Amino acid sequence: MANFEIIVGSVLGASEYVADALEETLKKYGHQVSNIHLQPELSDLDKEAIWVVCTSTHGAGDLPDNIQPFAEQLKQQSAMTVSFLVVGLGDSSYDTFCSGAMQMQDILENTGAKLLAPAKHIDVLTHPIPEDSAVKWLASWLDDWDKL
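Residues numbered from 1 in each chain as written. Predicted model: local features only at pLDDT ≥ 70, side-chain atom pairs only at ≥ 80, totals over all residues. Heavy atoms only, no water.

### Focus on the packing of helix α2 (residues 68-75) against helix α3 (residues 99-110)
As a packed pair, α2 and α3 sit with axes 9 Å apart at the nearest point and diverge in direction by 25°. Considering the angle they form, α2 stands roughly parallel to α3. The crossing of α2 and α3 is left-handed. Where α2 abuts α3, its residues F70, A71, L74 and K75 lie against M104, I107 and L108. Residues of the contact of α2 with α3, tallied by class, amount to six nonpolar, no polar and one charged. (Axes fitted to C-alpha atoms, helices over the stretch in contact; angles between N-to-C directions. Helix = DSSP H or I, 4+ residues; strand = E, 2+ residues; numbered from the N terminus. Parallel < 35°, antiparallel > 145°, perpendicular 65-115°, else oblique. Left-handed = near helix turned anticlockwise from the far one by under 90°. Contact = heavy atoms within 4.5 Å. Nonpolar A, V, L, I, M, F, W, Y, C, P; charged D, E, K, R; others polar.)

The structure is reproduced here in structure tokens:
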């Protein structure tokens, strides 16, 4: 089975709840989760693990404060071989819906990291319990991935 690292960008805590639910799902499928990173540092992450980035958007389309330094560290990287998934939480009534997740995806892809599945963008207006939507998405991906 695979090893995963979960990287969280959160302001009010919803992304942390989603990260906890994703960790539980990964373990249920027999995978290992090394850590949930609430203050992610590039040097602390296993580059061989699959990274799951779970982030909300803050302010005028910004990344949450806790993940901004990590994003800056990534911008200094090139030729990373990390594989990753992205889960974004947002409110579709704003024109910056899930912009934090989109920024993280762009930053990682610019380093050469490989996105393993289309990002999951969760609208909290239609999914008031975003964990449910995220778990369903991850379980579906794991079911397909495990068949490979």
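What follows continues from the structure just given.
### Describing the pattern of salt bridges
Tallying each qualifying case throughout the model produces two salt bridges. Where K27 meets E23, a salt bridge forms, and the shortest distance between an N and an O atom there is 3.2 Å. Here E23 and K27 lie together in helix α1 (residues 14-28), a separation of four residues that amounts to about one turn. Ionic pairing is found between K75 and E72, a salt bridge with its closest N-O pair at 3.1 Å. (Salt bridge = Lys/Arg side-chain N within 4 Å of Asp/Glu carboxyl O.)

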